[in-house]
Amino acid sequence: MENLLQIQNLEVRFRMHKYDITAVKGVCLELKKDEILVLAGESGSGKSVAALAVTRILPSNARVVFGKVIFKGRDLLSLDETSLAGVRGKEIAYIFQEPSSALNPVYTVGNQLIEPFMLHQGKSPRQARAEAEALLSLVKIGDVKRVMDSYPHQLSGGMNQRVFIAMSLACNPQILIADEPTTALDVTIEAEILKLLVELKKKIGFSLLFITHNFSIARRIADRVCVMYKGAVVEEGGIERIFNSPRHFHTRDLISAYEKIGKI
Amino acid sequence: MFLEVKNITKDFPVEHGMFRRSSGVVRALDNVSFSLNEFETLGIVGESGSGKTTLAKIIMKLLPATGGDVRFDASRIGNLRKDIQIIFQNPYNSLDPKMRIIDALAEPLIIHRICPKRMIRQTVSELLELVGLNESALNRLPREFSGGERQRICIARVLAVGPKCIILDEPISSLDLTIQAKLLDLFMGLKKKFNLTYIFISHNLAVVKNITDFVLVMKDGRVVEQGKTGDIFRNPGREYTKVLLAAAKG
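Residues numbered from 1 in each chain as written. Chains lettered and ligands numbered in written order. Predicted model: local features only at pLDDT ≥ 70, side-chain atom pairs only at ≥ 80, totals over all residues.

(A) View of the overall build of chain A. Of the regular secondary structure elements, chain A holds 11 helices and 10 strands. For chain A, whose C-alpha radius of gyration is 18 Å, the value lies close to the compact-globule estimate of 18 Å for 264 residues. Expressed along its principal axes, the backbone C-alpha trace of chain A runs to roughly 55 × 50 × 40 Å. The proportion of buried residues among the 264 residues of chain A is 45%. Residue pairs at least 24 apart in sequence account for 67% of intrachain contacts in chain A once pairs closer than 6 positions are excluded. (Helix = DSSP H or I, 4+ residues; strand = E, 2+ residues; numbered from the N terminus. Rg over C-alpha atoms; globule rule 2.2 N^0.38 Å. Buried ≥ 20, exposed ≤ 12 C-beta atoms within 10 Å, placed from the backbone. Contact = placed C-beta atoms within 7 Å.)

(B) Representation of the environment of A:Met159 within the structure. Relative to the helices and strands, A:Met159 is located in helix 7 (residues 157-169). For the pair A:Met159 and A:Lys201, spaced 42 residues apart in the sequence, the C-alpha separation amounts to 19 Å.

(C) Broad picture of the nonpolar core. Residue and element names in this part refer to chain A. One finds Val-38 and Leu-209 to be the most contacted residues of the largest nonpolar core, which totals 152 residues. Looking at this core element by element, the count peaks at seven residues for helix 7. In contact with Val-38, other than residues within four places in its own chain, are Phe-210, Thr-212, Ile-217, Ala-218, Ala-222 and Val-225. (Core = buried A, V, L, I, M, F, W, Y, C linked by C-beta atoms within 7 Å.)

(D) Representation of the packing of helix 3 (residues 101-111) of chain B against helix 4 (residues 120-130) of chain B in the model. All names here are of chain B. Contact geometry of helix 3 with helix 4 gives a least axis separation of 10 Å together with a crossing angle of 105 degrees. One way to sum up the angle between helix 3 and helix 4 is to call them roughly perpendicular. Along its contact with helix 3, which presents Ile-102, Leu-105, Ala-106 and Leu-109, the element helix 4 presents Ile-120, Arg-121, Thr-123, Val-124 and Leu-127. Classifying every residue of the contact of helix 3 with helix 4 by side-chain character gives seven nonpolar, one polar and one charged. (Axes fitted to C-alpha atoms, helices over the stretch in contact; angles between N-to-C directions. Parallel < 35°, antiparallel > 145°, perpendicular 65-115°, else oblique. Nonpolar A, V, L, I, M, F, W, Y, C, P; charged D, E, K, R; others polar.)

(E) Geometry of helix 1 (residues 52-59) of chain B. All names here are of chain B. Most of helix 1 sits out of view: seven of its eight residues are buried. Every buried residue of helix 1 is listed here: Lys-52, Thr-53, Thr-54, Leu-55, Ala-56, Ile-58 and Ile-59. Immediately beyond the C-terminal end of helix 1, within one or two residues, lies Lys-61, with a positive phi of roughly 60 degrees.

(F) Just the sheet that holds strand 2 (residues 21-36) of chain B, in detail. Residues and elements named next belong to chain B. Strand order in the open sheet made by the three strands is 2-1-4, with antiparallel pairing throughout. Sheet topology places strand 2 and strand 4 (67-72) at the edges, where each strand pairs with a single neighbour. Each strand of the sheet is rotated relative to its neighbour by a mean of 30 degrees, with strand direction disregarded. The strands that helix 1 touches are strand 1 (3-16), strand 2 and strand 4; relative to strand 1, the one it contacts most, it runs at about 115 degrees. (Pairing = 2+ DSSP bridges.)

(G) Summary view of the interface of chain B and chain A. Across the boundary between the two partners, chain B contributes 23 residues, which contact 21 residues of chain A. Those elements that provide at least two residues to the side of chain B that touches chain A are helix 6 (177-194), helix 7 (205-209) and helix 9 (239-249) of chain B. Per-element tally for the side of chain B that touches chain A: the top contributor is helix 9 of chain B, with six residues. Taken together, the residues of the side of chain B that touches chain A sort by class into 12 nonpolar, seven polar and four charged.

(H) Main features of helix 7 of chain A. Between the first and last C-alpha of helix 7 of chain A there are 18 Å, a value that for 13 residues agrees with the 18 Å anticipated at 1.5 Å per step. Of all 13 residues in helix 7 of chain A, 12 are buried, a share of seventy percent or more. (Expected span 1.5 Å × (residues − 1).)

(I) Layout of the sheet that holds strand 5 (residues 74-75) of chain A. All names here are of chain A. Taking strand neighbours across the sheet as the criterion, the four strands line up as 2-1-4-5 in an open arrangement whose pairing is antiparallel. At either margin of the open sheet sits one strand with a lone partner, and together these are strand 2 (20-32) and strand 5. Judged from the eight bridges that link them, strand 1 (residues 3-15) and strand 4 (residues 62-71) form a sheet pairing that is antiparallel. Bridge assignment links Glu-11 to a residue of strand 4, and that residue is Phe-66.

(J) Broad picture of unusual backbone geometry. Residues and elements named next belong to chain B. A positive phi is found at Asn-7, a non-glycine position, where the angle reads about 45 degrees. In this fold, Asn-7 is placed in strand 1. Even without being a glycine, Asn-195 presents a positive backbone phi close to 50 degrees. Counting through the fold element by element, Asn-195 comes out in the loop between helix 6 and strand 7 (197-202). Of the residues examined, Asn-195 has 10 C-beta atoms within 10 Å and is grouped as exposed.

Set out below in structure tokens:
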């Protein structure tokens, strides 16, 4: 399968009070077309930072000191801001851990959902609204009209995550980067959201980069797994191989934690 | 019985508008009953909104119940505020950000007159050791610790007063899976060491599988099913329990 996205030798540093911290060093990753790649690791292992660096949405005290992110023959890290804005959210979209805080609390769901259509596709507000309603049914929200007119705080966490997924899919992205999208949710809701993501991927045909600390999720959805530890990729392989014969001790830690807690 | 909860019902008023007119009630708990022996671990499982935390707060007498009653064995529990302790989900919120660790842990020692002033520093160090931290933590602030370490500090603070029963309200849900596994080991080690009785609240059946003796499954304020953990996992009687099991399995 062809490589859709290639991260090469990525190194990201954070400027702290007295010294710099290297959060990601020498990370190489490939995301193939139509695959689900799970990026696993404990908190602080650099998985989110690597994912955010892809479209340069890192915090202001972080900088990429080395590396390339190749997408469609272009290096996103050296692309100018205007061209990158056309990729970000349009061709590479994100969903995050806390849907309730990722959505704007002072706008109704409808008003936020029409934005990508108007911004990236130049649609009229009326057309955009129709598109937004179609999206909400796509993510299996039953009560579309009510949700459109609700504020995020009036909806549950699972519902907000569905809205956020809908928003990220507005422009038919080729890559969806999901940064722990189910960590703040109940297990029952988590199972529903995972199922939804896999279904949507089949229907729409994007590649999914899924970040998690929970190996039970890898077990359920992954084609391939990449394990990060202390800023570096320590192991990579097909899901069966990783589970059957993990090589790095951190992979074994993650699997044994899953066997103890995540598994019935 | 160490703890007997009988027909607990809890209504919250729904208030509207500027003058907080009451327009009916939400029934958060509906006729909940269970009992627990000393030294046993009870798991309470359910989705968000099922009333687990409300039930914990009523057992702790942090909230008054609308109906029913909670009874502890009077011969075992003298001072409720000392003998029953609770640990919450979010260790970021349950430590005072401006209190050094030594002060946070000294407070219960002073309030409950556990040890003389000159012994406090040593007692706090011993408590930290119990939860796998060391003296270097004494003069630091909560923000200098990770989520898992903060939860360990909360555990040390709870142990300071020598409780008989600890209510663990989703104590590991906000942490990484690897850290969750380590904390579960810590909980079970401490239980053995101090002969504790646990009530362990979780939304995930998989978490309570290995550590509880009994399980109470809740939905919408009601007890859907209760029984021995092994029986419930092998042979769930209710549809809802099966749904929870399936969700945990994936």
